[in-house]
Amino acid sequence: MNYSSIPYQALDSNGREYDRFARVIGELPVSDRLIACREVATTIAKLIGQEAPDSISFGTPAYQAFGMTSAEAKNHEYAEILLKSGDDMPLIYCH
């Protein structure tokens, strides 16, 4: 699925709403989030050289889906992405 053009109403530094495109899974419509969490699991699995889990949970860190501890994730080459929860995953990893 192509997520690059899904609109999202964000807040600027003054708390005013403005329109932009969604950037992370948590900004997607609820109906698209589960699909995106499945897609991101496959992408991350390829990056780290592991078998892909069915999905990455929306509210837990990605490393848990791969059976890692937080210490293992922090020391991993891809720590930045493994430490993010599903809702904070950038949409660039969904394809």
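Structure's up top.
A brief structural summary.

### With respect to the pairing of strand 2 (residues 17-21)
Along any regular strand, the residues point their side chains to alternate faces of the sheet.
Piece 1. Where strand 1 (residues 7-11) lies against strand 2, 5 bridges are found, and the strand directions are antiparallel. Each residue of the ladder has a partner; that of Ala10, found in strand 2, is Tyr18.
Piece 2. Hairpin connection between strand 1 and strand 2: a loop of 5 residues separates the two successive antiparallel strands, and Gly15 in this loop has a positive phi of roughly 80 degrees.

### Re the pattern of salt bridges
Piece 1. Summed over all chains, the structure comprises 2 salt bridges.
Piece 2. For Arg16, the salt bridge is made with Asp12, and the minimal N-O distance between the two is 3.4 Å.
Piece 3. Given the relative accessible area of 27%, Asp12 is considered partly exposed.
Piece 4. Measuring nitrogen to oxygen at the nearest pair gives 2.7 Å for the salt bridge that ties Arg20 to Glu27. No difference in accessibility class separates Arg20 from Glu27, as the two residues are buried.

### Points about the side chain of Thr43
Piece 1. Residue placement: Thr43 occurs in helix 1 (residues 30-48).
Piece 2. The contacts of Thr43, once residues within four sequence positions are left out, are Tyr93 and His95.

Cut-offs used in this document
- Counting from 1, residues in each chain are numbered in the order their sequence is written.
- Only residues with pLDDT of at least 70 are given local features in this predicted model, and only at 80 or more are side-chain atom pairs given and counted; all residues enter the totals for whole chains, interfaces and linings.
- With hydrogens and water excluded, all non-hydrogen atoms of the structure serve as input to the side-chain values.
- Note on pairing: two strands pair once DSSP finds at least 2 bridges between them.
- Strands here mean DSSP runs of E at least two residues long; helices mean DSSP runs of H or I at least four residues long; both are numbered from the N terminus.
- We define a salt bridge as a contact between a side-chain nitrogen of Lys or Arg and a carboxyl oxygen of Asp or Glu at a distance within 4 Å.
- Think of it in three bands: with a 1.4 Å probe and only protein chains considered, a residue is buried below 20% of the maximum accessible area for its type, exposed above 50%, and partly exposed in between.
- Here a residue-residue contact requires only that any non-hydrogen atoms of the pair lie within 4.5 Å.

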